[in-house]
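# Notes for the structure review
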Amino acid sequence: MITFEGVTKRYPDGTVAVDTLDLEIPAGRITVLVGPSGCGKTTSLRMINRMVDATEGVVAVDGKNVREIDPPTLRRGIGYVIQQAGLFPHRTIVDNIATVPFLLGWDKKKARARSHELMERVGLDPKLAKRYPAQLSGGQQQRVGVARALAADPPIMLMDEPFSAVDPIVRASLQDEFLRLQNDLEKTIVFVTHDIDEAIKLGHKIAVFQVGGKLAQYATPEEILDAPADDFVRDFLGGERGIKRLRFFQELDAEEAAEQATEQAAEQRAAADRPEAGSTAAER
Amino acid sequence: MYAALAIGDGEPLIRWDWIARNWDDDILESLKEHLILSFTPILLGFLIALPLGIACARWRRFYPPVLAVTSVLYALPAIALFVVLVAFTGLTYTTVIIPLTLYTLSVLVPSVVDGLGSVPDHVRKSATAMGFGETRRMVQVELPIAVPVVMAGLRVATVSNISLVSVGAMIGIGGLGELFTDGLRRDFPTPLVVGIVLIIALAFVSDMVLLLIQRLLTPWERTRGASKREKEVLATGGAA
Ligand SMILES: Nc1ncnc2c1ncn2[C@@H]1O[C@H](COP(=O)(O)OP(=O)(O)OP(=O)(O)O)[C@@H](O)[C@H]1O
Ligand SMILES: [Mg+2]
């Protein structure tokens, strides 16, 4: 569990990026921070791994104040994925994925074996292992970014708009696979996006921020769709709130149906159901 | 050049027998001296430019004054520096090596700073986020990514040093340049031609070797084909 208690971040130039934030981020779930540009999402995320230090208040991971943990040690235990993937251009894909295991001093063989395993997990062709990042598509690079963050099996993952640089169709499939992966892994994930649809699709809980670094609402997607806390949240959801709501619950039903089908029938049946969910996502 | 060609009418441009007779003593000796005089400054310059460049990239406000100093140094004519230094270091290799080291610095410090500046910010940030300390990030991430730009500077400095060593012949320490003074003094074009050909060959071979080293050090760059950067470098390298 990650907690923010009265956290304020004031940058040296006086900008208040985050204003007395209180937030409890549950373990093993996806929590989405959403809001317009400049509302302090990235800043909040970075206060967790101390890329940014809070001016006031306490950020704690499993009850321990992050300020008491040495930054490199803290960071090696927290996966981090960003929009441009941030891959090392001079290292091959396997070695990129093995970055944190190498830092932790794993045996090279073991680290690379782990990389190969992860490539498979995130749906990367093993043939890409020896390539360099520049030789991969944007979507593939993003998968490498996710694999790299998972390499040392950190309990926490911070993801800053990881899927926003790819086109909508690739994004939808990355989101679907990410959800599937998270189903198995049950990491504590903090996911930043400015796209409310993505927030609704991925979030177990959603924190809606408004400019000035204020938390406008923190609730489940259902609650936010059913009862927006104020006009800001209502506006942010957009005019199609009703449609979003409908679609959200339809998808829940579809997921449940798919789960039942998996239980009852063969894997083929389940596979046949997937494209349905996929196409709903692609329509957006 | 004009004087060299005008003198000795009737004298052939090249006397092969002179080359054969003087190959071991004169020519090879001069070549060896030329190599020492041009590569020692490269090595020294590199060893100083690397920490200096890293410091300038880390503390940006040091960079403008450092850049100003190195640019002024670069503008000083080599012959003036040689003559001034003779008073302190005498007619020794040191007298040639010091100015060439300064020239090398003035090329390499900006190369190191620019090379480190070519590291994308998101790459640097993600390295930090994964738990690299500053030193490890510099050694394992930033410097390797800076290699192409640094190597570009190294190639320019090398070719320029190889050509500048000859100026040392004016004070009697100039490697292959001494073949020029020898030829001029005796109205005898053969040593001049040999000197020019060997200097060009040396510059060419050195550049190829450095290019090869660069290729070996940066296998990831090959995957993008001949990068734009590399072509630019070849252009400036040729001009220097
Ligand atoms: N290093 C910094 N120095 C000064 N101000 C900063 C710094 N980083 C961010 N800010 C400011 O803090 C505020 C919040 O920035 P932040 O990057 O956290 O926003 P964000 O919600 O992630 O926005 P976006 O959706 O555009 O990524 C903005 O007003 C921004 O200009
Ligand atoms: Mg941001």
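Here we summarise the structure given alongside this text. Treat the numbers as computed from the prediction; the structure is a model and nothing was measured.

Summed over the entire model, instances satisfying the criterion amount to 21 salt bridges over all chains. Glu-177 of chain A is the partner of Arg-143 of chain A in a salt bridge, and the nearest nitrogen-oxygen pair spans 2.6 Å. Here Arg-143 of chain A is found in helix H6 (residues 138-150), whereas its partner Glu-177 of chain A is found in helix H7 (residues 168-185), with 34 residues between them in sequence. Measuring nitrogen to oxygen at the nearest pair gives 3.7 Å for the salt bridge that ties Asp-231 of chain A to Arg-234 of chain A. In this pair, Asp-231 of chain A and Arg-234 of chain A are both assigned in helix H10 (residues 231-237), three residues apart and thus about one turn of the helix distant. Of the residues examined, Asp-231 of chain A reaches a relative accessible area of 55% and is grouped as exposed. With relative accessibility at 38%, the residue Arg-234 of chain A sits in the partly exposed group. Counted as one network, the salt bridges with shared partners bring together Asp-121, Arg-124, Lys-125, Arg-137 and Glu-142 of chain B.

Residues and elements named next belong to chain A. Core analysis: the biggest nonpolar cluster contains 44 residues, and Ile-97, Val-146, Met-159, Phe-178, Phe-191 and Ile-206 have the highest contact counts within it. Here the element with the most residues in this core is H6; it accounts for five residues. Taken domain by domain, the makeup of this core includes at least three residues from each of domain 1 (1-77 + 156-163 + 185-238) and domain 2 (82-154). When neighbours within four sequence positions are excluded, Met-159 is seen to be in contact with Leu-45, Val-81, Val-146, Phe-178, Ile-189, Val-190, Phe-191 and Val-192.

Reading the values: rules and limits
- Residues numbered from 1 in each chain as written.
- Chains lettered and ligands numbered in written order.
- Predicted model: local features only at pLDDT ≥ 70, side-chain atom pairs only at ≥ 80, totals over all residues.
- Heavy atoms only, no water.
- Salt bridge = Lys/Arg side-chain N within 4 Å of Asp/Glu carboxyl O.
- Helix = DSSP H or I, 4+ residues; strand = E, 2+ residues; numbered from the N terminus.
- Buried < 20%, exposed > 50% of the residue type's maximum accessible area, 1.4 Å probe, protein only.
- Core = buried A, V, L, I, M, F, W, Y, C linked by side-chain atoms within 4.5 Å.
- Domains from an automatic or database assignment.
- Contact = heavy atoms within 4.5 Å.

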